[in-house]
Amino acid sequence: MQHIKWLKLFSFLWVTLLMVGCLKDTDEFNPREENIDTRTFGVVLDDLNLPVYNATVAYEGEGAVTDSNGIFIFSDVVIPSSGSLLIVSAPGFFTNYRSIDPKEDTRSVNIHLKSLGQDFVISGNIGGQINAPSGAAFTFPSQVFSRLNSDIQQGNVVINSGYIDPLDVDVNDQIPGGHFGISQDDEELILEHYGTVYLDATTDAGEELTITDGKQFTLIFPIPDMLVSEAPSEISLWKLDEETGHWSEYGTASKQGDQYIAKVYEIGIWSVQQAFQYAKLSGKVKTTRSQPVERARIALHREGSMITNREWTDAEGRFTLYYPIDQYLIIDIEDECQNVLFSADQAPILGNYELSSMEIDPGQAYWVLTGFITECGTLSKGINEGYGFI
């Protein structure tokens, strides 16, 4: 198993060890209003957990590219406290969109890009069915595709798709947008992810295609074997707004065996997700010697569900997660390889809630490293931007 580790450097030259191991940190979006000065940096990885070099990262009108380690840094960026959209793209990958819930100091993000899959070619005039290796499938009727000038695409249509497995260990780094969506009743809800499909359609020459007005096609989401029994018979269907990074509800998908089937009328990023009203759950992790534990991973899921939301503790050992209200919850503290160090049950609660401090004996699982990094050959000139490997 590959582990990527780096140091983030603050202007006061404190160094905090960051570890990206079997799982990475997640980031949720929750609207607020104000402006916040923040520093945002992170790592972009591919399907094999390898760094993506020269990926383009756009954030609040600023731009950056990842280095050979897949790392990008934005310093002193002013963003609204209601959140901001970070967009990551690279040749050979689907674009990822991440809604950032800002912090006043430094926000670290980890983003996985899904590789473009196999190209499938169908006739625009005839249509056809595509069965992707992931288990996702698509049925297109005749003349369902149009060019941007509204002309019907009669010739070849090149289809490319990607799939996000809800049980993948890196699912929180793969899901575009975040864990919140706006329902058809204009209510913001927390989402429980059961599968996401990327879909792209072009001509042979690479011209983007759209769905003809009044037409629709069938989209099939596979349900992983371990989720079939708990998956509801009908589930909300969501589409990512690529301008805002928000999920919007677009009806429902029906369960048929080990699949969810939906009728859709747009190309883009579609997902099947359960939606719940939510509140904020906060807490603190400390050692048995009452010292705060930084970078402990908190895993939260409903009782009886395998869909898990995760977050990391900060330098003071604190964490904040958003949870479905009126549900029995399981709260775990995990190491980097999902070994459970602490577990507790939480009876249903209806509002924002502060948990009692949770104690663990981390042994050698967590280390805090502080010190100074200076330029070679001198102890007087410190480096306050960048990162270092150990």
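Once a new chain begins, its residue numbering starts again from 1 and follows that chain's sequence as written. Given that this is a predicted model, residues contribute local features only at a pLDDT of at least 70 and side-chain atom pairs are listed and counted only at 80 or more, while totals for whole chains, interfaces and linings are drawn from all residues. Hydrogens and waters are ignored; side-chain quantities use all the structure's heavy atoms.

A. Structural detail: the overall build of the chain. Strands here are runs of E lasting at least two residues and helices are runs of H or I lasting at least four, both read from the DSSP assignment and numbered beginning at the N terminus. Helix and strand counts for the chain stand at 1 helix and 30 strands. By definition, residues are in contact when any of their heavy atoms lie within 4.5 Å. Here the contacts in the chain between residues at least 6 apart in sequence split such that 68% fall between residues at least 24 apart.

B. Fine view of the pairing of strand E24 (residues 297-302). For the exposure calls, accessible area comes from a 1.4 Å probe over protein chains only, and a residue counts as buried if that area is under 20% of its type's maximum, exposed if over 50%, partly exposed in between. Taken across its 6 residues, E24 has 6 buried, putting it largely inside the fold. Burial of E24 is two-sided: the residues Arg297, Ala299 and His301 facing one way and the residues Ile298, Leu300 and Arg302 facing the other way are all buried. Judged from the 4 bridges that link them, E24 and strand E25 (residues 309-312) form a sheet pairing that is antiparallel. When the sheet's bridge partners are listed, isoleucine 298 is paired in E25 with glutamate 311. Paired strands, as defined in this entry, are two strands with at least two bridges between them according to DSSP. Between E24 and E25, which pair antiparallel one after the other, the connecting turn spans 6 residues, and glycine 304 there sits at a positive phi close to 85°. Alignment of E24 against strand E27 (residues 329-334), held across 6 bridges, turns out to be antiparallel. If you follow alanine 299 over to E27, its bridge partner there is aspartate 332.

C. Quick look at the pattern of salt bridges. The term salt bridge refers to a pairing of a side-chain nitrogen on Lys or Arg with a carboxyl oxygen on Asp or Glu at a separation within 4 Å. Applying the stated criterion to the full structure yields 8 salt bridges. The salt bridge involving lysine 114 is made with aspartate 47; its shortest N-O contact spans 3.7 Å. Of this pair, lysine 114 sits in the loop between strand E9 (106-112) and strand E10 (120-123) while aspartate 47 is found in the loop between strand E3 (35-45) and strand E4 (56-59), placing the two residues 67 residues apart along the sequence. Given a relative accessible area of 15%, lysine 114 falls into the buried group. The class for aspartate 47 is partly exposed, based on a relative accessible area of 40%.

D. Representation of the packing of aromatic side chains. Put simply, two rings from Phe, Tyr or Trp (the six-membered ring, in Trp's case) pair if the centres are within 6.5 Å, and we call them stacked under 30 degrees between planes, edge-to-face over 60, tilted for the rest. Enumeration according to the criterion identifies 11 aromatic pairs in this entry. Pairing phenylalanine 180 with tyrosine 322 gives two aromatic rings, centres 5.4 Å apart and planes at 75°, and the pair type is edge-to-face. Of this pair, phenylalanine 180 sits in strand E15 (residues 180-182) while tyrosine 322 sits in strand E26 (residues 318-324), placing them 142 residues apart in sequence. For the pair shown, phenylalanine 180 and tyrosine 322 are each scored as buried. Chaining the aromatic ring pairs together yields one cluster made of Phe138, Phe140, Phe145 and Phe217.

E. Examining the sheet that holds strand E7 (residues 84-89) more closely. The antiparallel open sheet is built from 4 strands, whose spatial order is E5-E4-E7-E8. At either margin of the open sheet sits one strand with a lone partner, and together these are strand E5 (62-65) and strand E8 (96-100). Direction aside, neighbouring strands of the sheet carry axes that sit 20° apart on average. Relative to E5, E4 runs antiparallel, the two sharing 4 bridges. As a rule, the C-alpha atoms of each element are fitted with a line to give its axis, helices using only the stretch in contact, and angles between N-to-C directions run from 0 to 180 degrees.

F. Spotlight on the sheet that holds E25. Strand order in this open sheet of 4 strands is E25-E24-E27-E28, and the pairing throughout is antiparallel. The two strands at the open ends of the sheet, each matched to only one other strand, are E25 and strand E28 (340-346). For this sheet, the mean angle separating the axes of adjacent strands, direction not counted, is 20°.

G. Molecular detail of unusual backbone geometry. Phi at serine 150 is positive, roughly 80°, even though this residue is not glycine. Its place among the elements puts serine 150 in the loop between strand E13 (145-146) and strand E14 (156-164). Here the phi dihedral of aspartate 186 falls at roughly 65°; this positive angle occurs in a residue that is not glycine. With respect to the secondary-structure elements, aspartate 186 resides in the loop between E15 and strand E16 (188-202).

H. Geometry of the nonpolar core. Buried Ala, Val, Leu, Ile, Met, Phe, Trp, Tyr and Cys residues form a nonpolar core when they are joined through side-chain atoms within 4.5 Å. Among the nonpolar cores identified, the biggest contains 33 residues, and Phe138, Phe140, Phe145 and Ile159 are the most heavily contacted of them. Of all the elements in the fold, those that place two or more residues in this core are E10, strand E12 (137-140), E14, E16, strand E18 (217-222), strand E19 (234-241), strand E21 (259-264) and strand E22 (269-276). In terms of residue count, the dominant contributor to this core is E16 (4 residues).

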